[in-house]
Amino acid sequence: QVQLVESGGGLVQAEGSLRLSCAASGRTFSSYGMGWFRQAPGKEREFVAAISWNGGSTYYADSVKGRFTISRDNAKNTVYLQMTSLKPEDTAVYYCAAHRTEYYPSSPYNVKFPGEYGYWGQGTQVTVSS
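Residues numbered from 1 in each chain as written. Predicted model: local features only at pLDDT ≥ 70, side-chain atom pairs only at ≥ 80, totals over all residues. Heavy atoms only, no water.

Another point: the overall build of the chain. When helices and strands are tallied, the chain shows zero helices and eleven strands. Its helices and strands taken in sequence order, the chain reads β-β-β-β-β-β-β-β-β-β-β from the N to the C terminus. At 13 Å, the chain has a C-alpha radius of gyration in line with the 14 Å of a compact globule built from 130 residues. For the chain, the spread of C-alpha atoms along the principal axes amounts to about 40 × 25 × 25 Å. Out of the 130 residues belonging to the chain, those deemed buried represent 45%. (Helix = DSSP H or I, 4+ residues; strand = E, 2+ residues; numbered from the N terminus. Rg over C-alpha atoms; globule rule 2.2 N^0.38 Å. Buried < 20%, exposed > 50% of the residue type's maximum accessible area, 1.4 Å probe, protein only.)

Structure, rendered in structure tokens:
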């Protein structure tokens, strides 16, 4: 089992920045690929960013590319999402997730699907005001 707890959400003005953190506990964090998803009211959960288990590959949704950065610190069992140039349309609950299996073979295709993740955090609210 992998337990995930997100933090760092809040209210920010447009063009502002926030850094989300996701602290992991349980099984070996360093062997799991990680992802961030978000869900706005009335919309489906959508992929935001992902990082491979070894940190060598990162993936981003087109809507956040160039503005968001995903990273991981295996010594702290934490994955981060640095968000800059925030827009009102970024308003959502942000969820951290870990892949279903260790050493998951991440690809630009498979990281986008929620079903490829087996562990989820409770979410943290991000609200961007105009």
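A few words now on the state of the cysteines. Under the defined criterion, the tally for this structure stands at one disulfide. Put simply, C22 and C96 are joined by a disulfide, and their sulfur atoms are 2.1 Å apart. Taking the sign of the S-S torsion, -75° for the link of C22 and C96, the bridge is left-handed. Here C22 is found in strand β3 (residues 18-26), whereas its partner C96 is found in strand β9 (residues 92-99), with 74 residues between them in sequence. For C22, a relative accessible area of 0% gives the class buried. (Disulfide = S-S within 2.5 Å.)

What follows covers the sheet that holds β3. Here four strands make up an open sheet; going across it, the order is β1-β3-β8-β7 and the pairing antiparallel. With partners counted over all chains shown, the strands left at the sheet margins are β1 (2-7) and β7 (68-73), one partner each. Neighbouring strand axes in the sheet, compared pairwise and without regard to direction, differ in orientation by 15° on average. Bridge count between β7 and strand β8 (residues 78-83): six bridges; the pairing is antiparallel. Within β8, the residue paired with S71 across the bridge is Y80. (Pairing = 2+ DSSP bridges. Axes fitted to C-alpha atoms, helices over the stretch in contact; angles between N-to-C directions.)

Keep in mind these values describe shape, not function.
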